[in-house]
Amino acid sequence: MKIPRALNDLIESFQKLPGIGPKTAQRLSYYLLHVPESELENFAQHLTNLKKNTVLCSVCENVSESDPCPICLDPHREKEIILVVEQPLDVLAIERTGKFKGVYHVLHGAISPLDNIGPDEIFIDQLLGRVGKNGVTKLSEIIIATNPTMEGDATAMYLSKKLKAANDKIQVTRLGMGIPTGADLEYADETTLTQAIEGRRVM
Ligand SMILES: [Zn+2]
């Protein structure tokens, strides 16, 4: 049976989203047929606005409405400590703990040879740019909080080497144990994350 082109296009779009297979994509698309047109227009508008009304902060690369982002602009945040995460959602998870008073750097991914993601595909150069040359920096510590996965660990090792080469005055640490291996930071609860920050170890 041939399904209408408009439905088919929508199904294909849904299937591009993570965790959505063909069955779910079909179900969502047919479901939307029952939603009032005005609501659908709203939905479409939100999709259009997503990229149009957000920017990446030119300091930390986090998603923001303004550049620099509110965290980088906040005079109460300790600019000499940078916590490095894979994704913007990880920033939200750490912020929920209320325990971290430094600033962030978002890599937007992790090194993954299997997926053809090398150091140049994520925001590593931008981080090295913030570190500066030996001695000429106000930074005291970089906390690497990539996920405890194979990719996250590989990225942490790579970063540690590069950061130390760029500036040996800065202490490089990695989040402590507590987060289960293979898990994503964004799913860790606040207690676990707080313990992981407090139990960070020197790399
Ligand atoms: Zn920022």
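Source: prediction; values computed, not measured. (Residues numbered from 1 in each chain as written. Predicted model: local features only at pLDDT ≥ 70, side-chain atom pairs only at ≥ 80, totals over all residues.)

So, the overall build of the chain
Across its full length, the chain holds eight helices and seven strands. Principal-axis analysis of the C-alpha atoms places the extent of the chain at approximately 65 × 35 × 35 Å. Sorting the 203 residues of the chain into buried and exposed places 24% on the buried side. Long-range pairs, those at least 24 residues apart, make up 56% of the contacts in the chain between residues at least 6 apart in sequence. (Helix = DSSP H or I, 4+ residues; strand = E, 2+ residues; numbered from the N terminus. Buried ≥ 20, exposed ≤ 12 C-beta atoms within 10 Å, placed from the backbone. Contact = placed C-beta atoms within 7 Å.)

A look at the sheet that holds strand S5 (residues 141-144)
With respect to topology, five strands assemble into an open sheet ordered S4-S3-S5-S6-S7, the strand pairing being mixed. Two strands close off the open sheet at either side, each with one partner strand: strand S4 (102-106) and strand S7 (201-202). Direction of pairing for strand S6 (residues 171-174) relative to S7: antiparallel, over a ladder of two bridges. Among the inter-strand pairings, Thr-173 is bridged to a residue of S7, identified as Val-202. (Pairing = 2+ DSSP bridges.)

What about helix H5 (residues 88-97)?
An α-helical turn contains 3.6 residues, so a residue and the one three or four places further along point in the same direction. Among the residues making up H5, those that are buried are Asp-90, Val-91, Ala-93 and Ile-94. Buried residues of H5 fall within an arc of 160° about the axis and therefore sit on the same side. Facing away from the buried surface of H5 by more than 90 degrees, the exposed residues are Leu-92 and Glu-95. Where H5 is buried, its residues meet strand S3 (78-85), S4 and helix H8 (190-198). Downstream of H5 by one or two residues, Gly-98 has phi in the positive range, about 70°. (Arc of directions from axis to C-beta.)

Notes on the nonpolar core
A general feature of soluble globular proteins is that nonpolar side chains tend to end up buried together. Of all hydrophobic cores here, the largest spans 35 residues; its most connected members are Leu-83, Val-84, Val-85, Tyr-104, Ile-144 and Ala-145. If you list the elements that add at least two residues to this core, you get S3, H5, S4, helix H6 (124-131), S5, helix H7 (150-166) and H8. Looking at which element gives the most residues to this core, the answer is S3, with four residues. Once you skip the residues sitting within four places of it in the chain, Ile-144 turns out to touch Val-84, Ala-156, Leu-159, Ser-160, Val-172, Thr-173 and Arg-174. (Core = buried A, V, L, I, M, F, W, Y, C linked by C-beta atoms within 7 Å.)

Focus: the UniProt feature "zinc finger region: C4-type" (unreviewed entry) in the chain
Per the UniProt entry, the sites bearing "zinc finger region: C4-type" (unreviewed entry) are residues 57-72 in this numbering. Within the segment residues 57-72, helix and strand shares are 19% and 12% respectively, and the terminal C-alpha atoms sit 8 Å apart. (UniProt positions renumbered as here; feature names shortened; annotations may be inferred.)

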